[in-house]
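Letter by letter, the chains look like this.
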Amino acid sequence: MFIINCPFCGEREQSEFKAGGEAHIIRPKQPTELSDDQWAEYLFMRKNIKGIQFERWNHAHGCRKWFNVVRDTSNDEIKAVYKMGEKPPVQ
Amino acid sequence: MKKNLRVKTGKVIDETYRISFKFNGTTYYGFKGDTLASALLANDIHLVGRSFKYHRPRGIMTAGSEEPNAIVQLHNKSSRTEPNVRATEIEIYEGLEASSQNCWPSVNFDIGGINNLLSPLLPAGFYYKTFMWPASFWEKYEYFIRRSAGLGKSPTKPDPDIYEHKYIHCDVLIIGAGISGIMAAKIAAKNGLKTLLVEEKPNLGGSTIYQNSDHFKINNQNSGSWLEKEINEIKKLKNLEIKTRTSVAAYHGYNFLLARENLTDHLPINQRKNKTRHKLLKIRAKKVITATGSIERPLIFDNNDRPGILLSSAIKRFADYFGVACGEKNILFTNNDSAYETAISLIQKGINIEAIIDNREEVNSKLIYEVEKNNIKIFKGYTVTDTSGYKRINKISIMQLSKDGQKVVGSKIILSCDCLGVSGGWTPAVHLFTQSGGKLKFREDDQVFIPNIYPSDQLSIGACNGDFTLDEILVNTPKSLIDYLNIKNTEYDNLEISSSTNKSKRNVWLLPSDKIFGKTKSFVDYQNDATAKDIKLALREGFRSIEHVKRYTTTGMGTDQGKLGNMHALGIISETAGAKMGELGTTTFRPPYTPLTFGTIVGRNVGEYFDIFRKTPIHDWHVTHKAEFENVGQWKRAWYYPKENENMHEAVQRESKAARESAGILDASTLGKIDIQGTDASEFLNRVYTNAWSKLAVGKCRYGLMLNEDGMVYDDGVTTRLGENHYIMTTTTGGAANVMGKLEDYLQTEWPELDVYLTSVTDHFATVSVCGPNSKKIVSGVIPDLDFSDESFPHMSFKNAKIGKINCRVMRISFTGEHSYEINVQANYGKSVWEKCMEAGKDFNITPYGTETMHLLRAEKGFIIVGQDTDATMTPIDLQMDWIVSKKKYDFIGKRSLYRSDTIREDRKQLVGLLTDNPNEILEEGAQIVADINKSPIEMLGHVTSSYYSPNLKKSIALGVVKGGKNMMGQKLIIPMEKKNINVTVADPVFLDKENKRLNA
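Residues numbered from 1 in each chain as written. Chains lettered and ligands numbered in written order. Predicted model: local features only at pLDDT ≥ 70, side-chain atom pairs only at ≥ 80, totals over all residues. Heavy atoms only, no water.

Undergrad: Sorry if this is basic, but what is going on with the overall build of chain A here?
TA: Scanning chain A from N- to C-terminus turns up one helix and six strands. Each helix and strand of chain A, ordered N terminal to C terminal, gives the series β-β-β-α-β-β-β. Taking the principal axes of the C-alpha coordinates as reference, chain A spans close to 45 × 30 × 25 Å. In chain A, which comprises 91 residues, the share counted as buried stands at 36%. Pairs at least 24 apart in sequence give 46% of the contacts found in chain A among residues at least 6 apart. (Helix = DSSP H or I, 4+ residues; strand = E, 2+ residues; numbered from the N terminus. Buried < 20%, exposed > 50% of the residue type's maximum accessible area, 1.4 Å probe, protein only. Contact = heavy atoms within 4.5 Å.)

Undergrad: What am I meant to see in the overall build of chain B here?
TA: Of regular secondary structure, chain B possesses 24 helices and 50 strands. For chain B, the spread of C-alpha atoms along the three principal axes comes to 115 × 70 × 55 Å. Going through the 1001 residues of chain B one by one, you find that 59% of them count as buried. In chain B, 67% of the contacts between residues at least 6 apart in sequence involve partners at least 24 apart. Counting only carbon and sulfur atoms, one obtains 51% of the accessible surface of chain B, whose full area is about 41,700 Å². Taking the average location of the 129 positive side-chain charges in chain B and that of its 117 negative ones, the two points are 3 Å from each other. (Areas by Shrake-Rupley, 256 points an atom, 1.4 Å probe, with all protein chains shown as cover. Lys, Arg positive; Asp, Glu negative; His and termini not counted. Charge placed at Lys NZ, Arg CZ, Asp CG, Glu CD.)

Undergrad: Please clarify how the pattern of salt bridges should be interpreted in this entry.
TA: A side chain of one charge can pair with a side chain of the opposite charge if their charged atoms are brought near each other. All names here are of chain B. Counted by the stated rule, this structure contains 64 salt bridges over all chains. Between arginine 812 and aspartate 790 there is a salt bridge; the shortest N-O distance is 2.7 Å. Of this pair, arginine 812 sits in strand E42 (residues 806-812) while aspartate 790 sits in the loop between helix H21 (775-782) and strand E41 (797-803), placing them 22 residues apart in sequence. Here the salt bridges share partners, and the residues they tie into one network are Lys186, Lys190, Glu230, Glu233 and Glu491. (Salt bridge = Lys/Arg side-chain N within 4 Å of Asp/Glu carboxyl O.)

Undergrad: Is there a simple way to explain the packing of helix H12 (residues 532-540) of chain B against helix H14 (residues 566-577) of chain B in this structure?
TA: Two quantities define a packed helix pair, namely the angle between the helix axes and the distance between the axes. All names here are of chain B. Direction vectors running N to C along H12 and H14 enclose 45°, while the axes themselves pass 10 Å from each other. By the criterion of interaxial angle, the relationship of H12 to H14 is oblique. In this structure, the crossing between H12 and H14 has a hand that is right-handed. Here Ala532, Ile535, Lys536 and Leu539 of H12 lie close against H14, whose contacting residues are Ala569, Ile572, Ile573 and Thr576. In the contact of H12 with H14, the residues fall into six nonpolar, one polar and one charged. (Axes fitted to C-alpha atoms, helices over the stretch in contact; angles between N-to-C directions. Parallel < 35°, antiparallel > 145°, perpendicular 65-115°, else oblique. Left-handed = near helix turned anticlockwise from the far one by under 90°. Nonpolar A, V, L, I, M, F, W, Y, C, P; charged D, E, K, R; others polar.)

Undergrad: Mind showing me how you'd approach the interface of chain B and chain A here?
TA: The figure often quoted for interface size is the accessible area lost as the parts come together. Contacts between the two partners involve 27 residues from chain B, matched on the other side by 27 residues from chain A. Both faces considered, chain B and chain A share a buried interface measuring about 2,400 Å² in area, 45% of it formed by carbon and sulfur atoms. When residues of chain B are sorted by the area they lose upon contact with chain A, B:Tyr254, B:Tyr890 and B:Arg896 head the list and together hold 29% of the total. Summed over the shared surface of chain B and chain A, the result is six salt bridges. Its salt-bridge partner being B:Glu709, residue A:Arg27 comes within 2.4 Å of it at the nearest N-O pair. Of the residues assigned to the side of chain B that touches chain A, the class counts are eight nonpolar, nine polar and 10 charged. (Buried area = accessible area lost by both parts, 1.4 Å probe.)

Undergrad: Honestly, the side chain of B:Lys889 in this entry has me stumped. Any pointers?
TA: Residues and elements named next belong to chain B. Along the chain, lysine 889 falls in the loop between helix H23 (851-860) and strand E45 (909-916). Separated by 2.5 Å, the side chain of lysine 889 and the backbone oxygen of asparagine 686 make a polar contact. Beyond its immediate stretch of four places on either side in the chain, lysine 889 contacts Leu685, Asn686, Tyr689, Thr690, Asn691, Ala692 and Lys895. (Polar contact = N/O pair within 3.5 Å; in protein donor to acceptor, adjacent residues only side chain to side chain.)

Undergrad: Is there a simple way to explain the sheet that holds strand E5 (residues 66-72) of chain A in this structure?
TA: Note: strands within a sheet are paired through backbone hydrogen bonds, in either parallel or antiparallel orientation. Residue and element names in this part refer to chain A. Across the sheet, which stays open at both edges, the four strands sit in the order E3-E4-E5-E6 with antiparallel pairing between neighbours. Strands at the two margins of the open sheet, each flanked by one partner only, are strand E3 (18-22) and strand E6 (77-83). With direction set aside, neighbouring strand axes in the sheet form an average angle of 35°. Bridging between E3 and strand E4 (residues 52-58) involves three bridges; their strand directions are antiparallel. Looking across to E4, one finds that glutamate 22 is bridged to glutamate 55. (Pairing = 2+ DSSP bridges.)

Undergrad: Please clarify how the packing of aromatic side chains should be interpreted in this entry.
TA: For any pair of aromatic rings, the description rests on two quantities: the centre-to-centre distance and the angle between the ring planes. Residues and elements named next belong to chain B. For the coordinates displayed, the defined rule picks out 26 aromatic pairs over all chains. Both rings, one in phenylalanine 433 and one in tyrosine 454, keep their centres 5.5 Å apart while their planes meet at 90°; by these two values the pair is edge-to-face. Taken together, the positions of phenylalanine 433 in helix H10 (residues 431-435) and tyrosine 454 in the loop between strand E27 (448-453) and strand E28 (458-460) put the pair 21 residues apart, joining distant regions of the chain. Given the relative accessible area of 1%, phenylalanine 433 is considered buried. Overall, tyrosine 454 belongs to the partly exposed group, its relative accessible area being 30%. Taking 4.8 Å as the distance between ring centres and 55° as the angle between the ring planes, the aromatic pair formed by phenylalanine 442 and phenylalanine 449 counts as tilted. With respect to class, phenylalanine 442 is no different from phenylalanine 449; both count as buried. Put simply, the rings of Tyr210, Phe318, Tyr321 and Phe322 touch in pairs and so form one group of aromatic residues. Above the plane of the ring of tryptophan 693 lies arginine 702, whose end atom (NZ or CZ) is 5.9 Å from the centre. (Phe/Tyr/Trp six-rings, centres within 6.5 Å; stacked < 30°, edge-to-face > 60°. Lys NZ or Arg CZ within 6 Å of the ring centre and 35° of its normal.)

Undergrad: What's the story with the state of the cysteines in this structure? I'm lost.
TA: Linking two cysteines covalently via their sulfur atoms produces the bond known as a disulfide. In the structure shown here, the tally under the stated rule is zero disulfides over all chains. Of all cysteine sulfurs, the one in A:Cys63 lies closest to A:Cys6, which takes part in no disulfide; the gap is 3.8 Å. Counting only cysteine sulfurs, B:Cys419 is the nearest neighbor of B:Cys326, a cysteine outside any disulfide, at a range of 5.1 Å. For B:Cys326, a relative accessible area of 2% translates into the label buried. (Disulfide = S-S within 2.5 Å.)

Undergrad: Explain the sheet that holds E41(B) here, please?
TA: Residue and element names in this part refer to chain B. Reading across the sheet, the six strands line up as E41-E42-E43-E40-E34-E44 and stay open at both edges, with mixed pairing between neighbours. Taken across any chain shown, the strands that pair with only one partner, and hence form the sheet edges, are E41 and strand E44 (847-848). Taken together, the four bridges between strand E34 (residues 664-667) and strand E40 (residues 765-771) define a ladder with antiparallel strand orientation. Residue pairing for E40: leucine 666 is matched across the bridge by serine 769.

Undergrad: What should I look at first to understand the nonpolar core in this one?
TA: When a protein is soluble and globular, its nonpolar side chains tend to lie buried together. Residues and elements named next belong to chain B. Judged by nonpolar contacts, the single largest core of 157 residues is most densely connected at Leu36, Leu173, Ile283, Phe318, Ile357 and Ile396. Examining the composition of this core, we find that eight residues originate from one element, helix H5 (residues 179-190), more than from any other. Looking at which domains feed residues into this core, each of domain 1 (14-117) and domain 2 (162-294 + 428-499) gives three or more. One finds Val770, Ile803, Trp834 and Cys837 within the second-largest nonpolar core, a separate group that totals 30 residues. (Core = buried A, V, L, I, M, F, W, Y, C linked by side-chain atoms within 4.5 Å. Domains from an automatic or database assignment.)

Undergrad: Explain the environment of B:Ala463 to me, please; I cannot follow it from the model alone.
TA: Within the fold, B:Ala463 resides in the loop between E28 and helix H11 (470-484). Among the residues examined, B:Ala463 registers a relative accessible area of 11% and is labelled buried.

Undergrad: For this particular structure, what's the right way to read the domain arrangement of chain B?
TA: As assigned here, chain B comprises domain 1 (14-117), domain 2 (162-294 + 428-499), domain 3 (667-857) and domain 4 (861-1000). Between the C-alpha centres of domain 2 of chain B and domain 4 of chain B there is a distance of 65 Å.

Undergrad: How should H5(B) be read in this particular structure?
TA: The periodicity of an α-helix, 3.6 residues per turn, causes residues three or four places apart in sequence to face the same way. Residue and element names in this part refer to chain B. Look at H5: 17 Å from first C-alpha to last across 12 residues, which is about the 16 Å you get at 1.5 Å a residue. Residues of H5 that are buried include every one of Ile179, Ser180, Gly181, Ile182, Met183, Ala184, Ala185, Lys186, Ile187, Ala188 and Ala189, and no others. One or two steps after H5, the chain reaches glycine 192, where phi turns positive at roughly 80°. (Expected span 1.5 Å × (residues − 1).)

Undergrad: Hey, could you run me through the packing of H5(B) against H11(B) in this one?
TA: Residues and elements named next belong to chain B. The geometry of H5 relative to H11 is characterised by a closest axis approach of 10 Å and an angle of 25° between their N-to-C directions. Between H5 and H11, the angle falls in the class roughly parallel. The hand of the H5/H11 crossing is right-handed. Here H5 contributes Ile179, Ser180, Met183, Ala184 and Ile187 to the contact with H11, which in turn contributes Leu470, Ile473, Leu474, Thr477, Pro478 and Leu481. Residues of the contact of H5 with H11, tallied by class, amount to nine nonpolar, two polar and no charged.

Undergrad: Which parts of the structure should I look at to understand H23(B)?
TA: All names here are of chain B. Here H23 lies mainly inside the structure; 10 of its 10 residues are buried. Restricting attention to buried positions, one finds in H23 the residues Thr851, Glu852, Thr853, Met854, His855, Leu856, Leu857, Arg858, Ala859 and Glu860. Tucked inside the fold, the buried residues of H23 contact strand E32 (628-632), strand E33 (635-640), helix H18 (648-661), E34, strand E47 (940-950) and strand E48 (955-963). Looking one or two residues past H23, glycine 862 carries a phi angle of roughly 75°, positive in sign.

Next up, the structure:
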């Protein structure tokens, strides 16, 4: 079970959080202008990386804020956490 | 012919405290401190069980948690019965009753023993190969296979014991209180670290504590006495907590570990009352030091499984620790020096040793010289080729091992014995290390896997790190702790050590016999009866991966998880397939390290505490009025209110009729309620609902449908505009938390520019819904000051009001199709308002109704229930709810998905009404719908989602989803049931009052 450093509350047990899938997928501003394929790309296509992955987490049983996490999926090491709208601190 | 094999007092035995216990119905005696295994051995009992597949007689093999054979059933048939308990771990107590497993009628005469004679017919994969054909026979085979499967019997009565969970946070967790664990605990605690030391056995000190020989000295004292003093010292340390009888089951990422602390299993049953039996410790440690020691390897030779064959280290432990001789004519068989430590202990205790068989040729070792001084015959360069004795070993055959170890040479010698100790060297107990994600490396010198790459802040020390000899442990442990804990020195840096072990070992994974290989039974997994032959067969049949060989042969899949034989399985695969051990890797070690009881896992979360349940403020009234309840999410909702001897159908018919004919009252408090405020609240609703919200006037209500981005219906409910920038949204009961989460997600991540604030207020309000033609009269009786005229208070509008001094919000909205009001009050007034409505409704036969009637009423009206009539594949168009999808809005969640090539297909499943040809026939929800019964295979067009008998329409009605159903109005379809086919006609899903006359009445 991870310990996640919520950018608003500090370190907490993973059981307080909810995972929210891949980060930095921006909802298209003009969906009506997209082809089926382009919309499907936004809607369905997600990476499943062994290694460094950018993902969204929600402190569901805490401050309820969403934020981003950089996690190495091969060993679950969390490299960084940062707020929504911020640039990822590592590549 | 009972014998007493108790020798001089053992380390932990209190001979003044005699305990009686029963084994297979016979009473025996042992002493305080005994395990069941040591007490049985003292009574000269080796045969304790039968093996899984061949039902071969099996005895006690080890003295610890790695035991594969001596597993017993405790207190058979009582509520405390427990299967598969290791006799080597359970401490005896007055009244203990244990019995053998996997045998019938008794362990001495077991019918299943015939499997042993049939064993040539039962190779690896026997069941897979035999019971595949003909496929239709499986049901017949299955009965017999299931009956013969499994070892012990699970309890059938509720568990009377108490279990708890506890969180522990510490700086350092040390697993294992052998010599290296004790040293680590002292160093860590003395350096100011909050330290927890856990040990699975009842006593500290591991195997060094009973090491009492001149060959092993620390600072000029026997190593055992030196360690004893250390233990007495650490017990006084303030920073150190010590937990014995505590076994670490799992080592997860981020140094999160689960351990089971056993608090009462060693007490007589009558002393356990009101005490917690097991505690599941959830440990979060900054640092973890693993000192789990090592497990002695057996040797793999023909018939190596007979009762009386034990690990050599177990024989030593039984003698030194418990004061028990495992036999009177002992032979030791070894490929390394540690059997000689056993020999010296036996000599000290006056226990007879017939001979020692050593795989190795001449070895220069002080231990061997001492044993030879005692005139004990040592056969050097020999191996055991076979054993005999069905229920107890009585003879062994030995022959010389060839130079390459692949065959035997010379003449056969037969030796008689009643106990054979085997030692194949040591395997580091790296289970927990690998569970944590650690990577192993293979050390060629002595053929062991040892920790290599640590995945978290942890360290392995002592034997589990591959340091087997006393001098290695004493030198390496302080050194690695200095680095790991970042300290200058330890008090152990300059110990004077003398240790006599010679490290040489002659490793032969599978020892040869003079018999042809096919005739041998060399067991690798003792519990599951997997032999070397089975492993070779698997390889011949093409299995290469160790994980596949394991599953095919079931090697390592017993309750002991192959703690003894897994390494040999690997070794045999490596030798046979010509692969390197280091490249083969090991099978995956998974939690738990030793089995956990279900009680430990669930802790206090049993019975009514299994899950949280939520009650509305009116709950007590429903209970008093004999409501039956149903679970909706975590809510307990009134389901129906049976009167006298009514069954559910009768009650629901009565409630439904009353609601349509006069008045019904429903507790709707469980609906999700979200308070939405902010200058962008209207815009926000525009984006999350399919319909338009900007023009909704203050004081009006509107039904909304919420989609997922994929266009599928997610939730629905009525939202009311309370003020210019203030709305209250209702959600489905089950969807409340998810809807709240989804709205927050969009606000925080996609639309942070919107000025919107969300507050969940589900629990803050109680909601009383009164419906029916007389609802206006009733509610106006409760709130006399309010203008209830249709002009001032039409359908889909809202008013603030007061009931006495109680503020309330009254919405005229309806889920039943009747004229209806919902009164929302602060939760703690809920029951009083409900009672006021009941009082006011007395003259109108106001009838409380539950969720079942609510479902029926809304189905008559064709209103959907999200999650019942929808299943995450239904768009609003599929539901024939096109009217709620705004054409004007540029965007809302899910809009783009509504015209994907898939969502515009004409033949999607669409919601329709279904009327049975026989109006009294009620369809089953979930039943399949077909058009052509004769087509093979039958094409399934859809299924029934809701079905009821409507007392108001006096016929059966149903909703269902049917492929292309929209264009099938009036068409005949068939519902094929087990016993008959039911004919139905596709109809409009609105069965009652299409013109909404009742709503507006």
